[in-house]
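# Commentary on secondary and tertiary structure
These are the residues of each chain, in order.
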Amino acid sequence: MKEKAYHEKVNIDNELKLRQILQTLPGFCKDFFIGIEPTTSSRTRLAYAYDLGIFFEYMYENNPYCRKHKIAEFPLDILDQIKASDIEEYLNWLKYYIKDDVEHTNNERGISRKLACLRSFYNFFFRTERIYTNPAELVKMPKLHEKAIVRLDVDEVASLLDEVESGENLTKRQKAYHAQTKKRDLAMLTLMLGTGIRVSECVGLDITDVDFKNNGIKVHRKGGYEAIVYFGEEVEYALSDYMQERTRIVPAEGHANALFLSMQKKRMNVRSVENLVKKYSRLVTSLKNITPHKLRSTYGTALYQESGDIYLVADVLGHKDVNTTRKHYAAQADERRRQAAKIVRLREK
């Protein structure tokens, strides 16, 4: 059997998880997920399913009308019995709740995403004239406060890569593994810092996706399309160095095409890369608490500061809407703001 591509495996896993959750949701939810399938990713649909599960559990426990039925047996007209005030109370409850002895919290962005899910859900049935009311549309979205982008300065990037290369501050146990993973780790971090690709795009790379002739990699973007991302000399050296090692590794069955392999000879996953980044960042005392996404932010900010071209940054990072890029990077040009403080003179020296 032909080995499936990484994104195909992810989609299949997400679809199987979605089917399991659907068994616990009202029967009419299946129509919603079939309806949005052509325009959403499997990851988005799975997230919606989790969110709807929380919503219906809350309504079952707190709404007298909903308590008359088991959740899986809710009739469609139950949606018309839920008012905007019920949804507002639900969103307020989401800020802090306990489920299965585990505390859960949602900030303004988490609440906004869950309201967006409900709006999409209600809009589907309202637009197809299967319900008479659309209370989710009457609820205001939370005001989102801009967050400062955490990124690495030039010296911090150098310190991080130096640490990955030397392993100087690792424990004796970690150094034993480091000898086997150094080239892989350096290639991965250099690639993410030098191209701004997402961690999911990085772990999804196959050997055949790397083109040294044109210094480009083929990535499967968020949204399902493929794109070529180009890299510079530093990335080329790190990748080619690792490639020589990769050709000597015998991968586990089903992982022959994967570019980056774990110690178990299987394709690296997102969580393992997150842990890898966390491990190295902790060893360099001057670094912020970084994640793979902050490596992406570092590249995006640096590219904008060097080029001043927000459309180029959006294209390279794979943003569909340039306003997303402008909001996150153009407003965060720290160096330009620092320079602005020196431009205006109040009195001659």
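Provided above is the structure to which this section pertains.
Below or above, wherever it landed, is the structure these notes cover.

Attention now moves to the packing of aromatic side chains. Applying the stated criterion across every chain yields a total of 20 aromatic pairs. Ring centres 5.8 Å apart and planes at 75° place the aromatic pair Phe56 and Phe74 in the edge-to-face group. On the criterion of sequence distance, the pair formed by Phe56 in helix 3 (residues 42-62) and Phe74 in the loop between helix 3 and helix 4 (84-93) is long-range, its members being 18 residues apart. For the pair Phe56 and Phe74, one class covers both residues: buried. Centroid distance Tyr242 to Phe260: 5.3 Å. Interplanar angle 25°. Geometry classified as stacked.

In this structure, Arg184 sits in helix 7 (residues 172-195). Here the side chain of Arg184 touches Leu261 through a polar contact of 2.9 Å, landing on its backbone oxygen. Beyond its immediate stretch of four places on either side in the chain, Arg184 contacts Tyr242, Glu245, Phe260, Leu261, Ser262, Met263, Met268 and Leu276.

Looking now at unusual backbone geometry. The phi dihedral of Asp101 is positive, around 65°, even though this residue is not glycine. Residue Asp101 is classed as exposed on the basis of its relative accessible area, which comes to 78%. One non-glycine residue, Lys265, lies in the positive phi region at around 70°. Examined against the element boundaries, Lys265 turns out to sit in the loop between helix 9 (233-246) and helix 10 (270-283).

Before going further, it helps to spend a moment on the environment of Met268. As for its position among the elements, Met268 is in the loop between helix 9 and helix 10. Note on Met268: relative accessible area 4%, which makes it buried. Sequence-wise, Met268 and Val157 are 111 residues apart; in three dimensions their C-alpha atoms are separated by 23 Å. Not counting residues up to four positions away in its chain, the partners in contact with Met268 are Arg184, Met188, Val203, Phe260, Leu261, Ser262, Val273 and Leu276.

Of the strand pairs in this sheet, strand 1 (residues 96-99) and strand 2 (residues 102-105) are connected by four bridges, and their pairing is antiparallel. In the strand pairing of strand 2, Tyr96 is matched with Thr105.

Moving on, we get to the packing of helix 1 (residues 6-22) against helix 3. At a minimum axis separation of 9 Å, helix 1 and helix 3 run at an interaxial angle of 20°. Comparing the axis directions of helix 1 and helix 3 gives the class roughly parallel. Crossing geometry of helix 1 relative to helix 3 is assigned as left-handed. Counted together, Val10, Asn11, Asn14, Glu15, Lys17, Leu18 and Ile21 of helix 1 and Ser42, Arg43, Arg45, Leu46, Ala49 and Tyr50 of helix 3 form the full contact between these two elements.

Spatial strand order, 3-4-5: three strands in an open sheet with antiparallel pairing. The strands lining the two open edges of the sheet, one partner per strand, are strand 3 (210-211) and strand 5 (226-230). Strand direction decides the pairing type here: strand 4 (residues 216-220) and strand 5, joined by five bridges, are antiparallel. Bridging across to strand 5, Lys218 finds its partner in Ile228.

What counts, and at which threshold
- Residues numbered from 1 in each chain as written.
- Predicted model: local features only at pLDDT ≥ 70, side-chain atom pairs only at ≥ 80, totals over all residues.
- Heavy atoms only, no water.
- Phe/Tyr/Trp six-rings, centres within 6.5 Å; stacked < 30°, edge-to-face > 60°.
- Helix = DSSP H or I, 4+ residues; strand = E, 2+ residues; numbered from the N terminus.
- Buried < 20%, exposed > 50% of the residue type's maximum accessible area, 1.4 Å probe, protein only.
- Polar contact = N/O pair within 3.5 Å; in protein donor to acceptor, adjacent residues only side chain to side chain.
- Contact = heavy atoms within 4.5 Å.
- Pairing = 2+ DSSP bridges.
- Axes fitted to C-alpha atoms, helices over the stretch in contact; angles between N-to-C directions.
- Parallel < 35°, antiparallel > 145°, perpendicular 65-115°, else oblique.
- Left-handed = near helix turned anticlockwise from the far one by under 90°.

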